[in-house]
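# Commentary on secondary and tertiary structure
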Amino acid sequence: MNKKNKKNYLDWVKLAKKELKNNKLDDLYSKSPDGIKIKPLYTVDDLNSLEHVFTYPGIDPYIRGPKATMYANRPWTIRQYAGFSTAEESNKFYKENIKNGQTGLSVAFDLATHRGYDSDHPKVIGDVGKAGVAIDTVEDMKILFKGIPLEKMSVSMTMNGAVLPVLANFIVAGEEQGVSQNKLSGTIQNDILKEFMVRNTYIYPPEPSMRIVSDIIEYTSKSMPKFNSISISGYHMQEAGSTTAQELAFTIADGIEYVKCALSKGLKVDDFAPRLSFFFAIGIDFFMEVAKLRGARLLWSKLMKQFKPKDPRSLMLRTHCQTSGASLTEQDPYNNVVRTTIEAMASILGGTQSLHTNSFDEALALPTPFSARIARNTQLILAEETGITKTIDPFGGSFFIEKLTNDLVKEAEKMIKEINKMGGMTKAVEKGYPKLKIEEAATLKQARIDSGDEVVVGVNKYPPDTKEEVDILNIDNTKVRKEQIKKLLLIRKKRNAKKVLASLEALKSAAKKSPNETNLLKYAIDAARNRASVGEISDALETVFTRHRAIIRSVSGVYSSAFEGKEGLKNIKSQIKKFETKFGRRPRMLVVKLGQDGHDRGAKIIATSFADIGFDVDIGPLFQTPEEAANQALESDVHVIGVSSQAAGHKTLVPELIKSLKQQGNKDILVICGGVIPPQDYKFLKDKGVAAIYGPGTNIPKAADDIIQLIEKKRNIAA
């Protein structure tokens, strides 16, 4: 620090101390959840040790953006991630959005499709058409894009587990629309490592799953030059509760693992790396999110140099972003419009290439056309009215942002070093390292909110006096399933059964061969042309690869540690001791996920926090049927089953669970529900026998106290 800067700094210290009541400057310092120290003031001296400050957009290391002119020449692509019910309904929704300014399509598939099941499979009774569109065959895919020119429209598809049949169906739908493979543009997510960490819509074990990833990279690099073969996703990590540094580190580490996987197929790095893309969540911590996108480009460029690419585009990180779903609240839901706008601005000022803005009602249910319009118009207003596109990287050179970018990258590099010690990301995932770290972070965040250390406006501070009634989109799951089954039966009747069988046998044979001998996507396309279904193609591969079963692990001690020295948990722990004295054991809960809903953040937080509080807690395996959950509850002799729901299957699956308990002669076990459940559905569930419902933002100690009282009341009546 030179003399002039030092004098100015000391003058500021004097003024700041004068303004502080206790004269302690330390009170103005804070730490991010990643442990990054945030100073109250940054100066030019904070830039002295940074190598990356004087950089330009479009030039390595691309911190200021992958293109030289960025939005001054071309705004980001406006996308809306959508899909629900049938292909017909989704097609109408897409066309309306395109008419109103959307410039790219992002397809959400239902959980049955994600997990490689046809709509008539008994395991997906509550999942068909919920949280995404049902796709069983090429005919559904053709309807989905009817009247939408695939040679002009970029299509992003969030698909990982059943990525082979879904991409094959898209390719064949394009062909039958008259669009050859080399003209199709867009992205397939194809990011299976992230599924094993957080989202859980996998089908096969890690090793064969990675083979599928590399086959798609190989096939698209040779036959689909306009198509991005993979979208390396941190989004679901942040949604599962990761810190910003974790999302950055694990996403970049995943990307490096995929590069190594593709190189093992004999591809040259420049054959595929320019078509790799990324996908990040943008949360409410504004400056941290701006720094994350800038840091991601720096880190990717730095790590990709080990592969000695000659094409500069191989060093260039391009990304799609989506505003956070986890930051949306059920309470005071119109606040979510503001949250989404702030997050969208962070993504734009961080330099995203495309953006999806969430609808304000997504903490309640699927978005309505009304809420989706507000979300889309948020982007249009930012692009057309604010002047935000006129200057490239306006935060470039900011003392704070440049230092924060540097500090965030350093934190991420520490984690990547740990992953490398384990042998890379596939090995780290097999050991459960990233999953456990994310679950610890998620539990700690929940504890900070419950204790009041982290403010959520309208939830734990400034709650509204009255509850807003919001119209929601309701999908008739039974009706959609019947329609899908009807279409499936017709296709099976009309198709050439011998050709279908032959193409599925060819796919199985290819799967049994060495990865370098054949490409599985090629065989999946042949099967799709013959009208083999998503389920049939997935089943054929499952006979060779098997279906993955996750080992359930949970963290302990993290939730209660956030309450150390506070009164928050004393009352509930006292209640549990009284319960134990009265009934001879502690209250026991089974936490379950029903159907194909793999979003287990809520379930894991409930399980770990209730165990920390003093409950005995069992966790059911993912993808249970209602009958399986009922059996486990009876075997474990629990007092209560907590059903965690995020994918809108509650109206079908929860009544089946209660019915199964009654059929087995047990009426004493309470059933409670939590998660993304529209308030309009509460009465329906309670009429079916649900004892209590807890939406997003529920205070856990208060819920635990409530549940103990419900159990006591039930036991006293039974006695």
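Relevant structure appears above.
Let us look at the structure shown here. Small disclaimer: the values here were computed from a predicted structure and weren't measured.

Judged by nonpolar contacts, the single largest core of 82 residues is most densely connected at Trp76, Phe250, Phe272, Trp300, Met304 and Met425. Element by element, the count of residues in this core is highest for helix H10 (residues 244-263), at 11 residues. Residues within four places of methionine 425 in sequence aside, it is in contact with Leu193, Met197, Phe250, Ala253, Asp254, Glu257, Ile419 and Pro434. Judged by nonpolar contacts, the second largest core, of 56 residues, contains Met157, Ile212, Phe227 and Ala532.

Here asparagine 406 is to be found in helix H15 (residues 399-421). The class for asparagine 406 is buried, based on a relative accessible area of 15%. At 3.4 Å, the side chain of asparagine 406 and the side chain of aspartate 407 are in polar contact. When near neighbours in sequence (up to four residues on either side) are disregarded, asparagine 406 contacts Leu50 and His52.

Since the α-helix turns once every 3.6 residues, residues separated by three or four places project in the same direction. Along its 13 residues, helix H24 (residues 601-613) runs 18 Å from first to last C-alpha, staying within 8% of the 18 Å computed at 1.5 Å per residue. Of all the residues in H24, the buried ones are Ala603, Lys604, Ile605, Ala607, Thr608, Ser609, Phe610, Asp612 and Ile613. Glycine 614 occupies a position one or two residues after H24 and carries a positive phi of about 135 degrees.

That bond from aspartate 60 to proline 61 is cis: its omega, 15 degrees, falls within 30 degrees of zero. Locating proline 61 in the fold gives a position in the loop between strand S2 (37-38) and helix H2 (70-73). One non-glycine residue with positive phi stands out, namely aspartate 393, at about 45 degrees. In this structure, aspartate 393 sits in the loop between helix H14 (369-384) and H15.

Contact pair H10 / helix H12 (residues 286-304): the axes reach a minimum separation of 10 Å and the direction vectors enclose 30 degrees. Overall, the two elements H10 and H12 adopt an arrangement that is roughly parallel. In the packing of H10 onto H12, the handedness of the crossing is right-handed. Residues Thr244, Glu247, Leu248, Ile252, Gly255, Ile256 and Val259 of H10 form the contact with H12, whose own contacting residues are Met288, Lys292, Gly295, Ala296, Leu299, Trp300, Leu303 and Met304. In the contact of H10 with H12, the residues fall into 10 nonpolar, 3 polar and 2 charged.

The next point concerns the packing of aromatic side chains. Under the criterion given, the structure shown has 21 aromatic pairs. Arranged with centres 4.8 Å apart and planes meeting at 35 degrees, the rings of tyrosine 334 and phenylalanine 360 form a pair that is tilted. Residue tyrosine 334 is found in the loop between strand S10 (319-323) and helix H13 (335-350), and its partner phenylalanine 360 is found in the loop between strand S11 (354-356) and H14; the two are separated by 26 residues along the sequence. Classification of tyrosine 334 by relative accessible area gives partly exposed; the value is 37%.

As a further point, take the side chain of glutamine 596. Mapped onto the elements, glutamine 596 comes out in the loop between strand S12 (588-592) and H24. Using a relative accessible area of 1% as the deciding quantity, one classes glutamine 596 as buried. A distance of 2.7 Å separates the side chain of glutamine 596 from the side chain of arginine 115, its partner in a polar contact. Residues within four places of glutamine 596 in sequence aside, it is in contact with Leu111, Arg115, Tyr117, Lys123, Val124, Asp127 and Phe623.

Across the interface, helix H19 (residues 497-512) lies against helix H21 (residues 534-545) with an axial gap of 9 Å and an inter-helix angle of 35 degrees. Viewed along their axes, H19 and H21 form a crossing whose handedness is right-handed. Residue-level contacts link Val500, Leu504, Leu507, Lys508, Ala511 and Lys512 of H19 to Glu536, Ile537, Ala540, Leu541, Thr543, Val544 and Phe545 of H21. Residue classes in the contact of H19 with H21 are distributed as 9 nonpolar, 1 polar and 3 charged.

Here we come to the pairing of S10. The side chains of a regular strand alternate between both faces of the sheet. Among the 5 residues in S10, 5 count as buried, and that is most of the element. Where strand S9 (residues 276-282) meets S10, 5 bridges bridge the pair, whose relative direction is parallel. Pairing of alanine 281 across the sheet is with glutamine 322, part of S10. Assessed by its sense of winding, the connection that carries the chain from S9 through H12 to S10 is right-handed. Of the pairings in the sheet, the one linking S10 to S11 comprises 3 bridges and is parallel in character.

A few words on the pattern of salt bridges. Here the structure, examined in full by the defined rule, presents 47 salt bridges. One salt bridge in this structure joins lysine 604 and glutamate 439, with 2.8 Å as the shortest N-O distance. Of this pair, lysine 604 sits in helix H24 while glutamate 439 sits in helix H17 (residues 433-451), and the two are 165 residues apart along the sequence. Judged by its relative accessible area of 10%, glutamate 439 is buried. For aspartate 600, the salt bridge goes to lysine 604, with nearest N and O atoms at 3.8 Å. Across the pair, exposure class does not vary: aspartate 600 and lysine 604 are buried alike.

Moving on, we get to the environment of methionine 210. Positionally, methionine 210 belongs in helix H8 (residues 206-223). Residue class for methionine 210 comes out buried when judged on its relative accessible area of 7%. Sequence spacing of methionine 210 and aspartate 191 is 19 residues, and the spatial spacing of their C-alpha atoms is 9.0 Å. Here methionine 210 is in contact with Ile192, Leu193, Glu257, Tyr258, Cys261 and Thr426, once residues within four sequence places are set aside.

Rules behind the numbers
- Residues numbered from 1 in each chain as written.
- Predicted model: local features only at pLDDT ≥ 70, side-chain atom pairs only at ≥ 80, totals over all residues.
- Heavy atoms only, no water.
- Core = buried A, V, L, I, M, F, W, Y, C linked by side-chain atoms within 4.5 Å.
- Buried < 20%, exposed > 50% of the residue type's maximum accessible area, 1.4 Å probe, protein only.
- Helix = DSSP H or I, 4+ residues; strand = E, 2+ residues; numbered from the N terminus.
- Contact = heavy atoms within 4.5 Å.
- Polar contact = N/O pair within 3.5 Å; in protein donor to acceptor, adjacent residues only side chain to side chain.
- Expected span 1.5 Å × (residues − 1).
- Axes fitted to C-alpha atoms, helices over the stretch in contact; angles between N-to-C directions.
- Parallel < 35°, antiparallel > 145°, perpendicular 65-115°, else oblique.
- Left-handed = near helix turned anticlockwise from the far one by under 90°.
- Nonpolar A, V, L, I, M, F, W, Y, C, P; charged D, E, K, R; others polar.
- Phe/Tyr/Trp six-rings, centres within 6.5 Å; stacked < 30°, edge-to-face > 60°.
- Pairing = 2+ DSSP bridges.
- Right-handed = clockwise from strand over helix to strand, strands pointing away.
- Salt bridge = Lys/Arg side-chain N within 4 Å of Asp/Glu carboxyl O.

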